[in-house]
Amino acid sequence: MNRAAKAAAVASLIALVAVGATAMWTETLRFRADVDTSELDIEFVDGSLTLKDACGLQPGYGNQGGNDWNATYYPNRGSTQLDKDVACTSASFSDSDGDGDLDTLTITISNAYPWYYTHVAWIVHNNGEIPLKIWKIVVTYDNTSQEYYALNPDEPVEIDLSGDGEADVLMWWGDNFGHQLHHCESADISMDLTVLQEAPMNANLTFSISLVAIQWNEYSTPSASIPTTTVVPW
Ligand SMILES: [Ca+2]
Ligand SMILES: [Ca+2]
Ligand SMILES: [Ca+2]
């Protein structure tokens, strides 16, 4: 190969490298653009809250207040109504990250006492482009968060709000974990709550719940972490 041929070969190699680099860069850009065009998004539907033993005039529909309910069939699900009105339940949605979507439900049981039983229901809505599944819930109490996966409507979950190893609330979750929600679809979410003996002796027991959804084809339930406990600043 003479000098001119070598120079031409080097030039075309440089050109190939340049083309290759450009192609890779373009592909990266295109990939990022594709990701940005779709959004995984979920929201709580404003006004959809229903409470079994509502405090006063709680916003929402179907709310009932008045005499308390007792976890008569503990550890099974179900309750009977007492002839006293000591405690009540209030709840409200909030937008924790300021993106305009309601994503957090804060529940307060006022004058909580052992075996008090209540029910909270609401609606979630897929307002993103990507089909999703409800993957886990995050329960936050007193600046500590705990995560729960794959909640089964037939199995209650003992929630340790205070983090001392003793369950404080028994949660019977409704269905819809792992249920696929397409764009604009909604699902009913509900849970029964029983206040247990170990619950903190506060007049008002306040904790919040948020749902984490995942892209439908990435759904899995980490069996080693049911529940997974993580401590995060709130
Ligand atoms: Ca009541
Ligand atoms: Ca939000
Ligand atoms: Ca506890």
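Residues numbered from 1 in each chain as written. Chains lettered and ligands numbered in written order. Predicted model: local features only at pLDDT ≥ 70, side-chain atom pairs only at ≥ 80, totals over all residues.

1. Let's talk about the overall build of the chain
Part 1: The secondary structure content of the chain amounts to one helix and 15 strands.
Part 2: Counting the 234 residues in the chain, one finds 27% classified as buried.
Part 3: Put simply, of all contacts in the chain between residues at least 6 apart along the chain, 63% involve residues at least 24 apart. (Helix = DSSP H or I, 4+ residues; strand = E, 2+ residues; numbered from the N terminus. Buried ≥ 20, exposed ≤ 12 C-beta atoms within 10 Å, placed from the backbone. Contact = placed C-beta atoms within 7 Å.)

2. Things to note about the pairing of strand β6 (residues 104-110)
Part 1: Burial along β6 is one-sided: the face carrying Leu105, Ile107 and Ile109 is buried and the face carrying Thr104, Thr106, Thr108 and Ser110 is not.
Part 2: In this structure, strand β5 (residues 88-94) lies alongside β6, joined through seven bridges in antiparallel fashion. When the sheet's bridge partners are listed, Ser92 is paired in β6 with Thr106.
Part 3: Summarising the sheet, β6 and strand β14 (residues 204-215) pair through seven bridges and their orientation is antiparallel. Paired with Ser110 across the strands is Asn204, a residue of β14. (Pairing = 2+ DSSP bridges.)

3. Let's talk about the environment of Trp69
Part 1: Counting through the fold element by element, Trp69 comes out in strand β3 (residues 69-70).
Part 2: Setting aside its immediate chain neighbours within four residues, Trp69 contacts Lys52, Asp53, Ser79, Thr80, Gln81, Tyr117 and Thr118.

4. Side note on the pairing of strand β11 (residues 169-173)
Part 1: By the criterion of burial, β11 is predominantly enclosed, with four of the five residues buried.
Part 2: One ladder, built from three bridges, connects strand β10 (residues 157-159) with β11; its direction is antiparallel. Looking across to β11, one finds that Glu158 is bridged to Leu170.
Part 3: As paired elements, β11 and strand β13 (residues 186-195) share five bridges and run antiparallel to each other. Directly across from Met171, in β13, lies its bridge partner Leu193.

5. Quick word on the nonpolar core
Part 1: Leu105, Ile107, Ile109, Ala112, Val139, Val169 and Val195 are the most contacted members of the largest nonpolar core, which totals 45 residues.
Part 2: Within the residue set of this core, elements represented by two or more residues are β5, β6, β7 (116-125), β8 (132-141), β11, β13 and β14.
Part 3: A total of six residues in this core trace back to one element, the largest contributor, which is β8.
Part 4: If we skip the residues at most four places from it in the chain, Val139 touches Ser145, Gln146, Tyr148, Ile159, Phe207 and Ile209. (Core = buried A, V, L, I, M, F, W, Y, C linked by C-beta atoms within 7 Å.)

6. Regarding the environment of Leu82
Part 1: Topologically, Leu82 is positioned in the loop between β4 (80-81) and β5.
Part 2: Separated by 15 residues in sequence, Leu82 and Asn67 place their C-alpha atoms 6.1 Å apart.
Part 3: Apart from the residues within four sequence positions on either side, Leu82 is in contact with Asn67, Asp68 and Asn70.

7. A closer look at the confidence of the model for the chain
Part 1: When pLDDT is averaged along the chain, the result is 77; 71% of the residues meet or exceed 70.
Part 2: By mean pLDDT, the top-scoring element of the chain is β3 (96), and the lowest-scoring one is strand β15 (residues 228-229) (39).
Part 3: Every residue in residues 224-234 scores below 50 in pLDDT, and together they form 16 contacts with partners more than four places removed in sequence or on other chains. (pLDDT = per-residue confidence, 0-100.)

8. Some thoughts on unusual backbone geometry
Part 1: The omega torsion of the bond from Tyr74 to Pro75 falls at 10 degrees, within 30 degrees of zero and hence cis.
Part 2: Secondary-structure assignment places Pro75 in the loop between β3 and β4.
Part 3: Here Asn143, not a glycine, exhibits a phi torsion of approximately 70 degrees, which is positive.
Part 4: Judged by local crowding, Asn143 falls into the exposed class, with 10 C-beta atoms found within 10 Å.

9. Things to note about the environment of His119
Part 1: Looking at the element boundaries, His119 is found in strand β7.
Part 2: A residue is classified by how many C-beta atoms lie within 10 Å of it, and His119, with 18 of them, is partly exposed.
Part 3: Ignoring anything within four residues of it in the chain, the contact list for His119 reads Lys52, Ser190 and Asp192.

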